[in-house]
Amino acid sequence: MIRFEHVHKAYKGSVTALKDVTVDIKRGEFVFVVGPSGSGKTTFLSLVTKEERADSGEIWVAGKEVGSLPPWKVPYLRRNIGCIFQDFRLLPERSVYDNVAFALEVTGRPRHFVRSQVPQILELVGLGSKMGRKPGELSGGEQQRVAVARAFVNRPLILLADEPTGNLDPATTAGIMRLLERINQYGTTVVMATHHQEIVDAMRKRVIELDHGIVVRDQARGVYGMVDA
Amino acid sequence: MALPSSYVLRETGGNLARNVVMTVAAVVTMAVSLTALGSVLIMRQAVNKATVQYQGGVELVIFLNANVSSQEITGIRQQLVSMTPAQIKKCSYVDKAQAYVEFRQMFSGQPDMLKVMTPANMPPSFRCVPAKAQSLSQLDAEFSKQPGVYSVEYPGQEIKQWLAHFATLRNVTLVVAAGVMIGAIALVVNTIQLAIFARRREVAVMKLVGATNWFIRVPFMFEGLVEGLVGAVIAFVITFTARNTLASFTGTNPLIPSQPLIVSSHEAFLTGILIVVVGAAVGAVGSGFAVRRHLSV
């Protein structure tokens, strides 16, 4: 589903973000990308959506080589990828319903389809009763649920999560993780960058550890630190 | 990709309503800029019109003696007819009765004058339009010597000065109009860019969920179009209503100093249409360009 082959990426000012990264993530996997700040986790994710371009190497996403994708095709690539972030990135002026509906409208889905899908997905994330609220009226956990709903409403092949629990308390975090696990069970490949040791240790999923842009560990059913084998 | 019109309308309306302050700023900027542009164009029209009028419409008046004989009148008329149309465009004869009517109108406020004069002592005259304004002095010389002619009157030197003055004014207004136009476009595009900069996060989120560039751009362009149109219509109403006041700033009618230059409603309307077209185009295209820089992610 996602394949990095000898990917190299440096930013201006010669900061090396990723160095010769080769990783293969299969359809339906749940993968944690861990490592300290500045280790290249966010770069890894933004190469998948082509927000950033690799300097060398090949990146395959859903069967397409991202580097050779012309700019006008990038939006179609992104429709296969749902994204959630630490800062939620919701549109504050729009209602919960509109925030989610927007992701469907963008793909040109007919209105009746949008009307039936959005309440369903909001029900799934437990916000069926708050469709008319603005993001500012919701708690952090609820806002992240809206973001998850928006990311998943297109039934994407891939869900990328960049520190999705960074701003949330432990109880809320557990809720979001249950949601992501459920989405993964529907067949969506989930890639989550995190510092959150408890989550990684508790879930025992595949762990890819980055340090200064290098993959230092790629372990099935791993934990956050390197103690477990 | 075809955009559903319901989506475009909903987005455009929603954005205009959500960003009231920016919408008002854009509309007011557009209205002020286009009013400035329209005003300069109206002034230019007034000057153009006056120039055309006095280049081709200068009148030469041949006043005859009050006791002129009918043979003398016939002689002068024949000479005038022979010069038409090579030197003279057209001529009309104003007899004593008509001259008296004019006189009464001209001096209606002065009953003493009216008492003294009668139709019998009014001078009849030929009112002629020369083919070229430049030939006035030559015509003057020719007819002054004719028997029965009291005097030949024409605006003379004054007209030349006015034509020169108008030529300068036309050039000045052309330069000012071009400057104001560039300034207006820059101001409007800048306002739209500010509005879009304030919403760059929104654009980024749209890109993130896989919106194509046109899907993002078209509602912004419609927004600019609506703001441009509303601003332009306000500018249209202001310049159209104030057209004669604006025209009077350029000067007065050289022959009748109490009468300022005017612009007909038809001419002002055409300028107004131009303003509306410019407003709509600047709004839509400006927005399209302004949003472009945020679409590269």
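Since we're looking at a predicted model, the values are computed, not measured. (Residues numbered from 1 in each chain as written. Chains lettered and ligands numbered in written order. Predicted model: local features only at pLDDT ≥ 70, side-chain atom pairs only at ≥ 80, totals over all residues. Heavy atoms only, no water.)

Undergrad: Would you mind going over the confidence of the model for chain B in detail, with residue names and values included?
TA: Averaged over chain B, the pLDDT score is 81; the fraction of residues at 70 or greater is 93%. Note on the complex model: pTM 0.69, ipTM 0.83. (pLDDT = per-residue confidence, 0-100.)

Undergrad: Give a detailed account of the state of the cysteines, specifying residues and quantitative values.
TA: All names here are of chain B. In the structure shown here, the tally under the stated rule is one disulfide over all chains. For Cys91, the disulfide goes to Cys128, at an S-S distance of 2.0 Å. Disulfide Cys91 to Cys128: torsion about the S-S bond roughly 105°, handedness right-handed. You can see Cys91 sitting in strand β2 (residues 88-94) and its partner Cys128 sitting in strand β3 (residues 125-130), a full 37 residues away along the chain. Given a relative accessible area of 34%, Cys91 falls into the partly exposed group. A relative accessible area of 1% places Cys128 in the buried class. (Disulfide = S-S within 2.5 Å. Helix = DSSP H or I, 4+ residues; strand = E, 2+ residues; numbered from the N terminus. Buried < 20%, exposed > 50% of the residue type's maximum accessible area, 1.4 Å probe, protein only.)

Undergrad: Residue-level account of unusual backbone geometry, with values.
TA: Leave glycine aside and you will find that most residues have negative phi; peptide bonds, for their part, are mostly trans. A positive phi angle, near 50°, is found at Arg155(A), a position not held by glycine. By the secondary structure assignment, Arg155(A) is in the loop between α5 (140-152) and β7 (158-162).

Undergrad: Tell me about the interface of chain A and chain B, and name the residues and values.
TA: Between chain A and chain B, the residue contacts involve 20 residues of the former and 18 residues of the latter. With both sides pooled, the region where chain A packs onto chain B buries about 1900 Å², and carbon together with sulfur makes up 60% of that total. It is Arg78(A), Arg94(A) and Phe102(A) in chain A that bury the most area against chain B; as a group they hold 28% of the surface buried on that side. In this assembly, chain A and chain B are joined by three salt bridges. At the surface where chain A touches chain B, the tally comes to five residue pairs in polar contact (both at pLDDT 80 or more). Mapped onto the side of chain A that touches chain B, the elements with two or more residues apiece are α2 (74-78), β6 (81-85) and α3 (96-105) of chain A. (Contact = heavy atoms within 4.5 Å. Buried area = accessible area lost by both parts, 1.4 Å probe. Salt bridge = Lys/Arg side-chain N within 4 Å of Asp/Glu carboxyl O. Polar contact = N/O pair within 3.5 Å; in protein donor to acceptor, adjacent residues only side chain to side chain.)

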